[in-house]
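This is what each chain is made of:
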Amino acid sequence: MRRLLFALLSVVTIGMMSAASAHQLHTASTTVLFNERTGNIEVLHRFFLHDAEHAVKQLFDKKADIHQLDSTQAQFSSYVFERFGLQTLNGEPLSLKAVGYEVDGNNFWIYQETPIVDGLKGLRIKHKALHDLWPSQQNLVNVEGLGPIQSVTFRQQDEWLEVRF
């Protein structure tokens, strides 16, 4: 009986920890894709909708609704654009153009692009989105399309990180 009670208690505790941790991920991912077909560097930001939902209420307005309101979606996208950047290794900014955003299942996607620069030997990347809200926020950036995939993870203390091709 004690073993059964212990097993049941363990399952309930693990379930509660899993549910709590599901709400505490504070992780976003971004893909920087060199698309030779279009001639563009395409940037795809993915935020968990649950995190974005909490963020907009803290950042903008308690009535902000990222699920339904285009104005909230646009505002959150602008917030991300201000906190994300690409530069050449020499520190020359790459001007990113907004392409769009969308809610897709449990994710909020934001899209940007810029023309591929000839002779690019690497990138300096900055991704500070949500670090002003959550010190534990981690933003993973994967760079694809020029050799093997390279990844950098931004934590609150990080400013610019580099990848080289």
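For the structure itself, look to the data block above.
Just so we're clear, the structure is a prediction, and the values are computed from it rather than from any experiment.

1. A look at helix H2 (residues 49-59)
Reasoning step 1: Within H2, burial applies to Leu 49, Asp 51, Ala 52, Ala 55 and Val 56. Projected onto a plane normal to the axis of H2, the buried residues spread over an arc of 150° and lie on a single side.
Reasoning step 2: Its buried side turned inward, H2 meets strand E1 (27-35), strand E2 (40-48), helix H3 (70-83), strand E5 (97-104) and strand E6 (107-115).

2. Details of the nonpolar core
Buried together is how nonpolar side chains tend to be arranged in soluble globular proteins.
Reasoning step 1: Among the nonpolar cores identified, the biggest contains 17 residues, and Phe 47, Ile 66, Phe 76, Val 80 and Leu 130 are the most heavily contacted of them.
Reasoning step 2: Considering each element in turn, this core owes the most residues, four residues, to H2.
Reasoning step 3: Once residues within four sequence positions are removed from consideration, Phe 76 is found in contact with Phe 47, Ala 52, Ala 55, Val 56, Phe 60, Ile 66, Phe 108, Ile 110 and Leu 130.
Reasoning step 4: Leu 123, Ile 125, Val 141 and Phe 154 belong to the second largest nonpolar core, which has 16 residues in total.

3. Some points on the pattern of salt bridges
Reasoning step 1: Enumeration over the complete set of coordinates arrives at six salt bridges.
Reasoning step 2: Ionic pairing is found between Glu 82 and Arg 83, a salt bridge with its closest N-O pair at 3.3 Å.
Reasoning step 3: Of the residues examined, Glu 82 reaches a relative accessible area of 59% and is grouped as exposed.
Reasoning step 4: Using a relative accessible area of 22% as the deciding quantity, one classes Arg 83 as partly exposed.
Reasoning step 5: In this structure, Asp 132 and Arg 83 form a salt bridge, with 3.7 Å as the shortest nitrogen-oxygen distance. Remark: Arg 83 occurs in helix H3 and Asp 132 occurs in the loop between strand E7 (122-127) and strand E8 (138-144); sequence separation between them is 49 residues.
Reasoning step 6: It is possible to trace a salt-bridge network through shared partners that takes in Glu 82, Arg 83 and Asp 132.

4. Some points on the sheet that holds strand E3 (residues 84-87)
Reasoning step 1: Within the open sheet, the four strands sit side by side as E4-E3-E7-E10. Their pairing is antiparallel. In the strand order of this sheet, the two ends are held by strand E4 (93-94) and strand E10 (160-164), each with one partner.
Reasoning step 2: For E3 and E4, the ladder comprises two bridges, and the chain directions are antiparallel. What sits directly across from Gln 87, in E4, is Pro 93.
Reasoning step 3: In the packing of H3 onto the sheet, the strands contacted are E3 and E7, and the crossing angle to E3 comes to about 35°.

5. Some remarks on H3
An α-helical turn contains 3.6 residues, so a residue and the one three or four places further along point in the same direction.
Reasoning step 1: Here H3 spans 20 Å end to end across 14 residues, near enough to the 20 Å set by a 1.5 Å rise per residue.
Reasoning step 2: For H3, every residue scored as buried is listed here: Thr 72, Gln 73, Phe 76, Ser 77, Tyr 79 and Val 80. Axial view of H3: buried residues confined to an arc of 155°, hence all on one face. Summarising the geometry of H3, the exposed residues directed more than 90 degrees from the buried face are Ser 71 and Glu 82.

6. What to know about the environment of Gly 145
Reasoning step 1: For Gly 145, the position within the fold is in the loop between E8 and strand E9 (150-154).
Reasoning step 2: Along the sequence, Gly 145 and Asn 35 sit 110 residues apart, while their C-alpha atoms lie 6.7 Å from each other.
Reasoning step 3: Every residue in contact with Gly 145, bar those within four places of it in the chain, is listed here: Phe 34 and Glu 36.

7. A word on the packing of aromatic side chains
Reasoning step 1: In the structure shown here, the tally under the stated rule is seven aromatic pairs.
Reasoning step 2: Seen from their ring centres, Phe 76 and Phe 108 are 5.8 Å apart, and the 65° between their planes marks the pair as edge-to-face. Here Phe 108 lies in strand E6 and Phe 76 lies in helix H3, a separation of 32 residues in the sequence. One exposure class covers both Phe 76 and Phe 108, and it is buried.
Reasoning step 3: One aromatic cluster in this structure is built from Phe 47, Phe 60, Phe 76, Tyr 79, Tyr 101 and Phe 108.

Reading the values: rules and limits
- Residues numbered from 1 in each chain as written.
- Predicted model: local features only at pLDDT ≥ 70, side-chain atom pairs only at ≥ 80, totals over all residues.
- Heavy atoms only, no water.
- Buried < 20%, exposed > 50% of the residue type's maximum accessible area, 1.4 Å probe, protein only.
- Helix = DSSP H or I, 4+ residues; strand = E, 2+ residues; numbered from the N terminus.
- Arc of directions from axis to C-beta.
- Contact = heavy atoms within 4.5 Å.
- Core = buried A, V, L, I, M, F, W, Y, C linked by side-chain atoms within 4.5 Å.
- Salt bridge = Lys/Arg side-chain N within 4 Å of Asp/Glu carboxyl O.
- Pairing = 2+ DSSP bridges.
- Axes fitted to C-alpha atoms, helices over the stretch in contact; angles between N-to-C directions.
- Expected span 1.5 Å × (residues − 1).
- Phe/Tyr/Trp six-rings, centres within 6.5 Å; stacked < 30°, edge-to-face > 60°.

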